[in-house]
Amino acid sequence: MSRRPHHRWRRHALGALSLAVGLAVTGVGTPASAADIPASADIPGQAAGTVRTTATGAADPTGPAATAVTLPTGDRFTVSTTGGKPVYMIDSTEQHSPALATLRLPSGDQYAVPYPLLPHLGHGLDLSLFDLDALRRAGGGGRIPVRVVFTDGAAQPPAGLTLTSVQGTTGVGYLTPTFSDTLRAAATGAGPLFSGVASISLDTPGAVPPPVMTPQYALHPVTVSATDLAGRPAQNVFVTVADTDSMRSFAAQLPMVDGIAKVQLPAGHYVVLALFFDQDDKGDPAAYRLVDMDNLTVPASGAATTFDVDERASTTPLTFSTPRPSSTFSMSASASRMDSSGLSVAAGTMQIAPNILPFYVTPTPAAPHGRSRFLTQWFNIAPKNASPSYWYDAPFGSPEIPADGAYRITDANTATVRNHLYRTSDGHLDALGEGFIDPVFGAGALGFGFLVPAPDDAIQYLGAGDGGNWLTDNGEFGGDLNAVSDPVHYDGGKTYDVDWMRGPIAPQVGVHHNVDPKQSVLPCVACQAGDQLHFSFNLAGSDSDPAHAFIPGQSWSTHMTLSRDGTELGSSALDDGGITVKVPAGAATYRVVADTSRSPELAPLSTVTHTDLTFRTAAKPTRGNTLPDGESCLDDTVIAGCQILPVLNLTYDLPTDPHGRGTADTQSMNLTVDHLGYDGRGSNAPAKTARVEVSFDGGATWTQAQVTSTSQNHFRATWANSGAKGSTPWLRVTATDAIGGSITQTVTNAYAIG
Amino acid sequence: MTFTSSTRSRTVAGLAMAAVTAVLVATPGTANATGSGATNGATTTQAAPVRDVCGTAEPGYARCFAELRTDVQGGVGVRGMAAASATGHAASLPRGLGPADLRAAYKLPATGGENQTVAIVDAGDAPTAEADLAVYRSTYGLPPCTTANGCFTKVNQAGTASPPPSNQGWSMEVALDLDMVSAACPNCRIILVEADSASSLDLAESVDTAVRLGATEVSNSYGATESGYSPTLASHYAHPGVAITVSSGDSGYGIASAPAIYPSVIAVGGTSLTKDSSARGYAEKAWSGAGSGCSAWIAKPAWQKDRHCPGRMVSDVSAVADPATGPAIYVTADGGPGWGIVGGTSASAPFIAGVIALGGHPERFADASSLYSASARAGLYDVVGGSNVESMDCGGDYQCKAVAGYDGPTGNGSPKGLSAFGG
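Residues numbered from 1 in each chain as written. Chains lettered and ligands numbered in written order. Predicted model: local features only at pLDDT ≥ 70, side-chain atom pairs only at ≥ 80, totals over all residues.

Trainee: Which residues make up the overall build of chain B, and what values go with them?
Mentor: Within chain B one finds 8 helices and 20 strands. The buried share among the 423 residues of chain B stands at 62%. Put simply, 76% of the contacts in chain B that link residues at least 6 apart link residues at least 24 apart. (Helix = DSSP H or I, 4+ residues; strand = E, 2+ residues; numbered from the N terminus. Buried ≥ 20, exposed ≤ 12 C-beta atoms within 10 Å, placed from the backbone. Contact = placed C-beta atoms within 7 Å.)

Take a look at the structure:
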């Protein structure tokens, strides 16, 4: 059994990524080169017909210009040109090889190498034999012209290779279709491919020889000269220079001295991001100015290059306006540039009141290649004593730095999120916050939180024009109720109501949405991959919103055990990362028993819970239960085919006042009985039964509520609030599904009678 | 309303107090928040847990290039045969390469250098330097080198014994320098020049002091990213007749580091050195952290002929620097563990200074040109294999990959006897 730490908090790490100060290159491999055959292969589809291996997105190339090309292995392609770009299609009806590695080299030629032959490249077989464009140029009517070098002049050519001339140890000839059988048979053996043969290569005047992997990394002197507003050498400037062809080659903040930096760079395209700091007469900061110079070139000629960066080009001020009164608490602005491999540089500022200075930019078009991103985020707060509290958090992103820097809140680009903060008593303070996840770079821009009174309402006006998701959270200041949310997407022009801390609060696995590994990491709560099974809850539980997960506070005590077919597999605290165990193959019944308790001093409701659930795993994986691509399955790893376990999830909707008090004579509760899910993936087995019981005497006796099914998986329970005013009834809910799963959950002090 | 930093989003916001950023991040899903995640597949030695002895340098200051193994806590006191005098029985030698290992790996003689004085330049006072050095030398059976016998001298930046400068936290760097010089040249005299601070100017002036006090070799295990300041200090590192060695840096391939870029110094790169069954008895390849780079501020010396760098290329020569295969050192100040293992090109620069001293002809090293001759190369192990790609990549070029012949991480190679060093 192993445990893993809070997975939820990995989202935090991503959110903070763009705020890390400094320079770092992480985890990106060297771009493919001639000597660097991709480890991944395009695997043609299984169905008969044609599968495009490299495509332009244009129509199928069925015109007369299409040319059939056959590899030495017998794999057949159609090569044509559409829209000026080559299109390559493999004929899978004539496909012989199980997989093909595709490679495009700087020459522009497309290569397709059958996987079994990869080890032999350069050891008997030349890459040119798999150059689709060269083969097309060679024509040959089914014969592939080749040049053969023998290690022994007396060696015989392999079957299917016909020599037309031999001079010394070099022969010229062609491959016939029968060579494919010879080649595939030879490729399965150990040792040299063909005895006595040093190499076989394509022999055609039209062939473009693959680039020789001789490192050519000539550097050229570049001077970066920065000029300030007065036309003098800039003293207060940060300059970042990056190779936009490959930031692995160069990306660094340059040390500027008297407005000058010098650096040796490889030829190519560059971006310069310069951030100037203006000072007033006293030497205090007065303004920031960003200059973004893209598509600069360092020529391969060896001539000295100068990048002149002039602060005077930065004249467009950034401003922000809101419909309701507000003042800017923070603003950020940054220009980012990404190369084709996904590495990026960014430069900008983040400012916090009261020291928010004017920020000017240079309007800059979108990057001509790779990607560029300008993101500014404004956080404006309401005047003091506004009730309810409100604030604006508005990110604006674009590939270009726009000519108009005046950003405005409108109905269309803003979502209104009305937060309803529940507390059993007055006088609490909650820290309510949100963090934006940039849809382009994934990493967060800024996250903010404010202390607001609870119980009460607080309104977030969240910018929706940028299309990203939000992570929100709410924590009781000085208390031990703290919850985080799954990523939430808000549409502009809409109003959302979100309840926080509305009970009953109990362990659940959750029903998760907005799963997008490019934006945030939401590791599977309960999943199985092969013989590894992981179970945890949505941290320590959820309130009435299944997107919320509670982080246990200091007074919390939690425990759970996991059993398989009656045998205990392990135990853990609920906030301890869960339980990961190795399990035998095949169907099984699992049981989880979980208990939570916490002090009633700070929050007297939902203080003790007991959960007893079972679920059955299927003998074979099912497609509907497969975790969405890219999400981590076990121990933070992405595993293809990871199965979401069919664990029942209960969502309670128990109407109370903001103090958690049910005031009606007849108490109602909507109950949703579904399963752990991620964006629609997960068990869709219908709920079979639901039972709700209420105890007004601390669990000594139980009264069964009237439960009606309102729709599939949805139930409505009603019961008489027969307890004394101020008493805190317990709830016990039992539900089953159609595939043998069950859950019984008891929540003490689930609500109060008001 | 009050701004708070108590929960997740607030933690993010808390970082916003840093008003300015210039960051390079990886594509979403593969990113780490900090540090370098790039791997160097050519390096076979396991990365050792280390910490930089010196933190990041502010502009105008230098950082030392020592890296302390945090997994090695060897305790205090004399080890080896010498321990018998105190405990009545010998104790095993400390972990890490000792002088005999280094001599064996680089085919160096045990004698020589008697008329040589190697200076090391460091920032701030190292209060236990002499005492720690005594433990090191005693443990390995090296002759005592003390103030009393005239072998060891410690001076401040002005060249006087007192007052000592304030402690700058460089004691581990000092110990590494002293121990590596001792390992290479047990019979050399040693001058420790303690600069007033880690400012580039103070360190540069300390080099002048070392030369004025009679140093024949001066080792400098520090540096900072080259900039417009760099050329202004070059003259401090030009003292014909005196060999001046400088660490190439510990951050892999990238913008070159000063003072390693100066044409008058011997820029010392780093290797990983492991015992094997070869005729040499050791395998050596580029250390992934070894600094290399092409200067944009210092012109290419006539004696450097590499093709792709139009400026001064770092480095010239190399020796072991990988903390995973690094030398044993002894240090008790600044939280030193007693016996430990420290790496970085802070190890290789003083070692090469000691090797030059052992050869006895520092006058041949007014610059590194003599290491580029065919005859000199015959006296070097050509280090082939491994690269120093940590963040920036030179696409397999010699500038960041140890190839046959000259390359950035290891220069022309590592010592193979003394023939390349005047011996």
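Trainee: Which residues make up the overall build of chain A, and what values do they have?
Mentor: The number of helices and strands found in chain A is 3 helices and 54 strands. Relative to its 754 residues, chain A shows a buried fraction of 50%.

Trainee: So, the sheet that holds strand β12 (residues 237-243) of chain A: which residues are in play, and what are the values?
Mentor: All names here are of chain A. With mixed pairing, 6 strands are arranged side by side in an open sheet as β13-β12-β15-β16-β22-β18. Since the sheet does not close on itself, it has two edges, and those belong to β13 (251-254) and β18 (316-317), each with one partner. Sheet topology places strand β15 (residues 268-279) next to strand β16 (residues 285-298); 11 bridges connect them, and they run antiparallel. What sits directly across from F276, in β16, is R289. (Pairing = 2+ DSSP bridges.)

Trainee: Quick one: what's the story with the packing of helix α4 (residues 129-139) of chain B against helix α5 (residues 171-184) of chain B, residue by residue and with numbers?
Mentor: For any two helices packed against each other, one specifies the inter-axial angle together with the distance between the axes. Residues and elements named next belong to chain B. It is the contact of α4 with α5, at a shortest axis distance of 10 Å, that shows an interaxial angle of 40°. Judged by the inter-axis angle, α4 sits oblique to α5. For the element pair α4 and α5, the recorded crossing hand is right-handed. On α5, the residues that touch A129, D132, L133, Y136 and R137 of α4 are V174, A175, L178, D179 and S182. Looking at the contact of α4 with α5 residue by residue, the class counts come to 6 nonpolar, 1 polar and 3 charged. (Axes fitted to C-alpha atoms, helices over the stretch in contact; angles between N-to-C directions. Parallel < 35°, antiparallel > 145°, perpendicular 65-115°, else oblique. Left-handed = near helix turned anticlockwise from the far one by under 90°. Nonpolar A, V, L, I, M, F, W, Y, C, P; charged D, E, K, R; others polar.)

Trainee: Explain the packing of α5 of chain B against helix α7 (residues 345-359) of chain B residue by residue, including any values.
Mentor: Residue and element names in this part refer to chain B. Packing of α5 against α7 leaves a shortest axis separation of 8 Å and a crossing angle of 35°. Read as a crossing pair, α5 and α7 show a hand that is right-handed. Residues E173, L176, D177, M180, V181, A183 and A184 of α5 pack against S346, A347, P350, F351, A353, G354, V355 and L358 of α7. For the contact of α5 with α7, a count of residues per class yields 11 nonpolar, 2 polar and 2 charged.

Trainee: Explain the sheet that holds strand β17 (residues 305-310) of chain A to me, using residue names and the numbers behind them.
Mentor: Residues and elements named next belong to chain A. The sheet built from 3 strands is open, its strands ordered β14-β11-β17 with mixed pairing. At either margin of the open sheet sits one strand with a lone partner, and together these are β14 (260-266) and β17. Taking the axes of each pair of neighbouring strands and ignoring which way they run, one obtains an average angle of 25° across the sheet. As judged from the 7 bridges shared by strand β11 (residues 219-227) and β14, these two strands associate in the antiparallel manner. Across the sheet, L219 pairs through a bridge with P266, a residue of β14.

Trainee: Tell me about the pairing of strand β18 (residues 338-343) of chain B, and please be specific about residues and values.
Mentor: Within β18 of chain B, 5 of the 6 residues are buried, leaving the element largely enclosed by the surrounding structure. Linking strand β17 (residues 328-331) of chain B back to β18 of chain B in an antiparallel pair, the connection comprises 6 residues, with D334 of chain B at a positive phi of about 55°.

Trainee: Can you tell me about the nonpolar core, naming the residues and giving the values?
Mentor: Core analysis: the largest hydrophobic core is formed by 277 residues, its most contacted members being V239 of chain A together with I266 of chain B. The contacts of I266 of chain B, once residues within four sequence positions are left out, are A243, I244, T245, D316, V317, I352, F365, A368 and L371 of chain B. Membership of the second largest hydrophobic core comes to 28 residues, among which are V69, L117, V148 and L161 of chain A. (Core = buried A, V, L, I, M, F, W, Y, C linked by C-beta atoms within 7 Å.)

Trainee: Residues and numbers for α7 of chain B, please.
Mentor: All names here are of chain B. A rise of 1.5 Å per residue sets the reference length of α7, with its 15 residues, at 21 Å; its end C-alpha atoms lie 21 Å apart and thus fit the reference within 8%. Counting buried positions along α7 gives 15 out of 15 residues, so the element sits mostly inside the fold. A positive phi of about 80° marks G360, the residue just after α7. (Expected span 1.5 Å × (residues − 1).)

Trainee: Report on the environment of G141 of chain B, specifying residues and quantitative values.
Mentor: All names here are of chain B. Tracing the backbone shows G141 in the loop between α4 and β6 (152-156). As for G141 and M81, which are separated by 60 residues in sequence, their C-alpha atoms are 8.0 Å apart. The residues touching G141, leaving out its near neighbours within four places in the chain, are M81 and A82.

Trainee: Which residues make up unusual backbone geometry, and what values do they have?
Mentor: All names here are of chain A. With an omega dihedral of 0°, the bond running from A454 to P455 counts as a cis peptide bond. Inspection of the secondary structure puts P455 in the loop between β28 (444-454) and β29 (456-463). P504 follows G503 through a cis peptide bond whose omega is 0°. In this fold, P504 is placed in the loop between β33 (495-500) and β34 (511-512). The phi angle at L539 is positive, at roughly 55°, despite the residue not being glycine.

Trainee: Quick one: what's the story with the environment of V355 of chain B, residue by residue and with numbers?
Mentor: Residue and element names in this part refer to chain B. Turning to its location among the elements, V355 is positioned in helix α7. The class of V355 is buried, set by 32 C-beta atoms lying within 10 Å. Residues V355 and C185, 170 residues apart in the sequence, show an inter-C-alpha distance of 6.5 Å. Those residues within four positions of V355 in sequence are excluded, and the remaining contacts are L108, A184, P415 and F421.

Trainee: Give me the pairing of β15 of chain A: which residues, what numbers.
Mentor: Along a regular strand, successive side chains alternate from one face of the sheet to the other. Relative to β15 of chain A, β12 of chain A is paired through 7 bridges, and the arrangement is antiparallel. In the sheet register, V239 of chain A faces β15 of chain A, and the bridge partner there is A274 of chain A.

Trainee: Mind laying out the confidence of the model for chain A, listing which residues take part and the relevant values?
Mentor: Residues and elements named next belong to chain A. Chain-level pLDDT for chain A is 81 on average; 80% of the residues reach the 70-or-more range. Here residues 1-65 is a poorly scored stretch, pLDDT under 50, and it has 174 contacts once near neighbours within four places are set aside; other chains count. The low-confidence segment residues 206-215 (pLDDT under 50) makes 28 contacts with residues lying over four places distant or belonging to another chain. (pLDDT = per-residue confidence, 0-100.)

Trainee: Talk me through α4 of chain B; I want residue IDs and the actual numbers.
Mentor: Residues and elements named next belong to chain B. Of all 11 residues in α4, 8 are buried, a share of seventy percent or more. Buried residues of α4: A129, D132, L133, V135, Y136, R137, S138 and T139, and no others. Downstream of α4 by a residue or two, G141 has a phi angle that is positive, lying close to 70°.

Trainee: Mind laying out the environment of Y496 of chain A, listing which residues take part and the relevant values?
Mentor: All names here are of chain A. Among the structural elements, Y496 can be located in strand β33. Each C-alpha atom, one on Y496 and one on I459, is 9.7 Å from the other, the two residues being 37 residues apart in sequence. Here Y496 is in contact with A415, V417, R418 and Y490, once residues within four sequence places are set aside.

Trainee: Give me the confidence of the model for chain B: which residues, what numbers.
Mentor: Counting all residues, the mean pLDDT for chain B is 87, and 88% of those residues have values of 70 or more. Low pLDDT (under 50) marks residues 1-44 of chain B, which in the prediction has 150 contacts with non-local residues, meaning those over four places away or in another chain.

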